[in-house]
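Geometric and topological summary
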Amino acid sequence: MSEQLTQREQEIVDLREREQMTFRAIGERYQISAGQAANIYHRAQRSRRLERARMMREEQNQKIVSLEISVGEIVMLRRILYLFQHWKMKDSWSRKSEWEQVREDPDFVTAGELINRICKLEREARKNRK
C-alpha cells in the first residue's frame, strides 16, 4: 500500500525539517494547535517510514536464495513467525486504529506471507515423504 503525503502534510514536514520551525509556529501558520501540527508531522513521518520499508522489502523479496531446511525446522520457523505476529497484535486488539497500523506494518505483512509459503513447503515435504 503506497501512501502519498497530502500537500499540507508535505508543507508541514518541510517547515519543520527545512525551516526548523516549531510546532507552535507551524500551527499558527495553518491556524491549528501546536499539538495538531505535531500529530500531522508525526503521521507523515510514519507514512514515509512505512513507504521506505515497503520499497526495501519489495527489493529484498526480488533476491532469491536457496536453503536446505528440515521439516522440523520448517515447523519451528512457522511457530516463531506465529509468535511474532501474535506479539505485534496483542496490544492492539482492543484499539481498532492501532490494529489497522499493525496490519500495515511491513514486518507483519512479510511474516504472514512467509507463514503461507512455509505452510506450503511443509505440506509438500510431508506429501513427498509418504
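Our subject is the structure that appears above.
Residues numbered from 1 in each chain as written. Predicted model: local features only at pLDDT ≥ 70, side-chain atom pairs only at ≥ 80, totals over all residues. Heavy atoms only, no water.

Each helix and strand in the protein was counted, giving six helices and zero strands. Reading the protein from its N terminus to its C terminus gives the helix and strand order α-α-α-α-α-α. The C-alpha atoms of the protein give 21 Å as radius of gyration, which overshoots the globular expectation for 130 residues (14 Å, by more than 25%). Expressed as a percentage of its 130 residues, the buried residues of the protein come to 28%. (Helix = DSSP H or I, 4+ residues; strand = E, 2+ residues; numbered from the N terminus. Rg over C-alpha atoms; globule rule 2.2 N^0.38 Å. Buried < 20%, exposed > 50% of the residue type's maximum accessible area, 1.4 Å probe, protein only.)

On to the layout of surface pockets, then. Approximately 570 Å³ is the volume attributed to the largest pocket. Lining the largest pocket are 15 residues, and of these Val 65, Leu 67, Leu 114, Arg 117 and Leu 121 lie nearest its centre. Looking at the lining of the largest pocket element by element, the count peaks at six residues for helix α6 (residues 106–129). (1 Å grid on protein atoms, 1.4 Å probe; cavity = no way out; pocket = protein on both sides within 12 Å on 5 of 7 lines; lining within 4 Å. Points joined across faces, edges and corners; volume = space filled by probe spheres on them.)

Of all hydrophobic cores here, the largest spans 12 residues; its members are Ile 12, Val 13, Leu 15, Met 21, Phe 23, Ile 26, Ile 32, Ala 37, Ala 38, Ile 40, Tyr 41 and Ala 44. A total of five residues in this core trace back to one element, the largest contributor, which is helix α3 (residues 34–60). When residues no more than four places from it in sequence are discounted, the contact partners of Val 13 are Arg 18, Tyr 41, Ala 44, Gln 45 and Arg 48. Counting six residues, the second largest nonpolar core, distinct from the first, contains Ile 74, Leu 81, Ala 111 and Ile 118. (Core = buried A, V, L, I, M, F, W, Y, C linked by side-chain atoms within 4.5 Å. Contact = heavy atoms within 4.5 Å.)

It is worth spelling out the side chain of Gln 85 at this point. Relative to the assigned elements, Gln 85 resides in helix α4 (residues 71–90). Among the polar contacts made by the side chain of Gln 85, one reaches the main-chain carbonyl oxygen of Phe 108 at a distance of 3.2 Å. (Polar contact = N/O pair within 3.5 Å; in protein donor to acceptor, adjacent residues only side chain to side chain.)

Taking 1.5 Å of rise per residue, 24 residues should cover 34 Å, and α6 covers 34 Å from first to last C-alpha, within 8% of that figure. All of the buried residues along α6 are Pro 106, Phe 108, Ala 111, Ile 115, Ile 118, Cys 119 and Glu 122. Capping the start of α6 is the job of one residue whose side-chain oxygen sits 2.9 Å from the backbone nitrogen of Asp 107: Asp 105. (Expected span 1.5 Å × (residues − 1).)

Turning to the pattern of salt bridges, a few remarks are in order. All told, the structure shown has seven salt bridges when counted by the stated rule. Note that Arg 54 is salt-bridged to Glu 58, the shortest N-O span being 2.4 Å. In this pair, Arg 54 and Glu 58 both sit in helix α3, four residues apart, roughly one turn of the helix. On the basis of relative accessibility, which here comes to 14%, the residue Arg 54 falls in the buried class. (Salt bridge = Lys/Arg side-chain N within 4 Å of Asp/Glu carboxyl O.)

For the rest of this paragraph, the subject is the packing of helix α2 (residues 23–30) against α3. Across the interface, α2 lies against α3 with an axial gap of 7 Å and an inter-helix angle of 100°. With respect to their mutual orientation, α2 and α3 come out roughly perpendicular. Residues Phe 23, Arg 24, Ile 26 and Gly 27 of α2 touch α3, and the partners they reach there are Ala 34, Ala 37, Ala 38, Tyr 41 and His 42. Per-class residue counts for the contact of α2 with α3 are six nonpolar, two polar and one charged. (Axes fitted to C-alpha atoms, helices over the stretch in contact; angles between N-to-C directions. Parallel < 35°, antiparallel > 145°, perpendicular 65-115°, else oblique. Nonpolar A, V, L, I, M, F, W, Y, C, P; charged D, E, K, R; others polar.)

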